[in-house]
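# Results of the structural survey
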Amino acid sequence: MISFPDPPTTVKKILLVEDNLLFRKVIEHALLKAGYNCVLCESASEALEMLVVETPDLILSDYDMPEMNGFDFRQAVLLNPNISDIPFVFLTSFTDNKLVLQGLNMSALDFINKETPIPVIITKLNNIIKTLQNEHVRSVRELKVAAETLNVKSIPTQAPLVDGYRIFYWHKGYRGYPGGDFIDFVQVDSRYCFAFLGDIMGKKWKAWFFTFGFLSYIRAAIRFCVLDQDFELIRIVQKINKLIYLDESLQNILSSLSLLLLDTHTGEVHYTGAGDLPLVGYSPETDKTTTIQSTGLLLGLLEDGLYDKQVVAMKSGDQLAIFTDGMIDIPSNGAKKSDYPFFVEKITPYLGKPDSFGLIRKHVLELIDDSNQMDDASIIFIEKQ
């Protein structure tokens, strides 16, 4: 019996592009046997369509295919910024040195001969993926060290203590990378506290890099308005949006924002959103959940974002959940599906309990991992005492 080497600890998805049915089935069987998830395409054009909805950990492609050969396919992948960084390996019976060199010069990680014994092919793929994982860990570590050295962070170290409220938050970056989600609180005085959550469009470092520009504008706009004793959220968000819209370094960089103002004197929570998800509210009085929707546009999209404001009169035991789309994006048949009602349904049984957020954290949030997370995931949870 042929034995296969152990795959990396987390299940990885490999896109196999191969027009030969028999060889495709043989490799698929070997990959599944080795513990990988496998997505199959019989042509490069089919693979390009698949890559619109799939994000494999590695692309394994034949060279000699009709209509579009492996090199043309590789070039098309490189030209698409959404998929260009997916690791790419050629698997082909063509072993001409010039051809191999040409493939490697297209930033392919390897050029594997189809005549190679199947266990050796799997070992090569294991080694490639493990090397990539090690590089990922190193890169994340170096990035965190750099961020700590510069004293910049997009997620706070603790929630503020606000009289009459209990505030919790939770964040998990996509696959462990720093990403585009940001959370912060601005405690003005004993009466007012701002809480906000946003999501820069994009993933990983590209999004993470821009969070600090957005955070700086949001914090500054809040502080300047507070100095003028202006607590009107619509005007604050309009100022934030205009600053971002006019900043040339942030052109074409968009972000959602949920901005809340907690008033300890009235028990009200004022809310204005910019392209964000509806908030989920819970009242023990009715034992029902409600959604609170804003119509504001994403920050930076237009000079005037047309923002509105909602006022939530919080009574004792009332709860609010504010979250990014990483909470509602779930894998479905190998693709990404956004399911807001599904997430609301998952947290609803724990609303109104003595330790609601602790239960949500244990039974929902801590179950999010590399196998089911599709984006950065963040949540702020507010409870009126």
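See the structure printed just above.
It should be emphasised that the depicted structure is a prediction, and the values quoted were computed from it without experimental measurement.

For the rest of this paragraph, the subject is the overall build of the protein. Within the protein, the regular secondary structure consists of nine helices and 17 strands. In terms of overall dimensions, the protein has a C-alpha envelope of 75 × 45 × 40 Å along the principal axes. A burial count over the protein gives 49% of its 385 residues as buried. With an accessible surface of roughly 18,900 Å², the protein has 52% of that area assigned to carbon and sulfur atoms. Taking the average location of the 36 positive side-chain charges in the protein and that of its 50 negative ones, the two points are 5 Å from each other.

What follows is about the pairing of strand 2 (residues 37-41). Each regular strand displays side chains that alternate between the two surfaces of the sheet. Across five bridges, the pairing between strand 1 (residues 13-17) and strand 2 is parallel. In the strand pairing of strand 2, Leu16 is matched with Leu40. Following the chain from strand 1 across helix 1 (residues 21-33) to the adjacent parallel strand 2, one finds a crossover that is right-handed.

Spatially, 6-17-14-11-12 is the arrangement adopted by the five strands of the open sheet, whose pairing is antiparallel. Looking along the sheet, the strands with just one partner apiece sit at the ends: strand 6 (165-172) and strand 12 (288-292). Each strand of the sheet is rotated relative to its neighbour by a mean of 20 degrees, with strand direction disregarded. Here strand 11 (residues 279-283) pairs with strand 14 (residues 319-323) via three bridges, running antiparallel. Its bridge partner being in strand 14, Gly281 is matched across the sheet by Leu320.

Here we take up the environment of Thr211. In this structure, Thr211 sits in helix 6 (residues 204-227). Between the alpha carbons of Thr211 and Asp199 there is a distance of 8.3 Å; along the sequence they are twelve residues apart. In this structure, Thr211 is in contact with Ser154, Gly179, Gly180, Asp181, Phe182 and Ile200, ignoring residues within four places of it in sequence.

On to the environment of Leu277. Within the fold, Leu277 resides in the loop between strand 10 (268-274) and strand 11. For the pair Leu277 and Thr324, spaced 47 residues apart in the sequence, the C-alpha separation amounts to 6.8 Å. Apart from residues lying up to four places away in sequence, Leu277 is in contact with Tyr271, Phe323, Thr324, Asp325, Ile328 and Tyr340.

Turning our attention to the sheet that holds strand 13 (residues 310-313). Spatially, 7-8-9-10-13 is the arrangement adopted by the five strands of the open sheet, whose pairing is antiparallel. The outermost strands of the open sheet, each flanked by one partner alone, are strand 7 (181-187) and strand 13. Averaged over all pairs of adjacent strands, the angle between their axes in this sheet comes to 15 degrees, without regard to strand direction. Here strand 8 (residues 192-200) runs beside strand 9 (residues 255-263); their pairing, made up of nine bridges, is antiparallel. Following the sheet pairing, Asp199 is matched in strand 9 by Ser256. Docked against the sheet, helix 7 (residues 233-246) engages strand 8, strand 9 and strand 10, running at close to 150 degrees with respect to strand 9.

As a further point, take the nonpolar core. Within the largest apolar cluster, 29 residues are counted, with the highest numbers of intra-cluster contacts made by Phe194 and Leu257. Mapped by element, the contributors of at least two residues to this core are strand 7, strand 8, helix 6, helix 7 and strand 9. With nine residues, the top contributor of residues to this core is helix 6. Beyond its immediate chain neighbours, meaning those up to four positions away, Phe194 contacts Asp184, Phe185, Val186, Val188, Ile222, Val226, Phe231, Leu233, Ile236, Leu259, Leu260 and Leu261. Grouped together as the second largest cluster of nonpolar side chains are 22 residues, Leu197, Val312, Met314 and Leu320 included.

Conventions adopted
Residues numbered from 1 in each chain as written. Predicted model: local features only at pLDDT ≥ 70, side-chain atom pairs only at ≥ 80, totals over all residues. Heavy atoms only, no water. Helix = DSSP H or I, 4+ residues; strand = E, 2+ residues; numbered from the N terminus. Buried < 20%, exposed > 50% of the residue type's maximum accessible area, 1.4 Å probe, protein only. Areas by Shrake-Rupley, 256 points an atom, 1.4 Å probe, with all protein chains shown as cover. Lys, Arg positive; Asp, Glu negative; His and termini not counted. Charge placed at Lys NZ, Arg CZ, Asp CG, Glu CD. Pairing = 2+ DSSP bridges. Right-handed = clockwise from strand over helix to strand, strands pointing away. Axes fitted to C-alpha atoms, helices over the stretch in contact; angles between N-to-C directions. Contact = heavy atoms within 4.5 Å. Core = buried A, V, L, I, M, F, W, Y, C linked by side-chain atoms within 4.5 Å.

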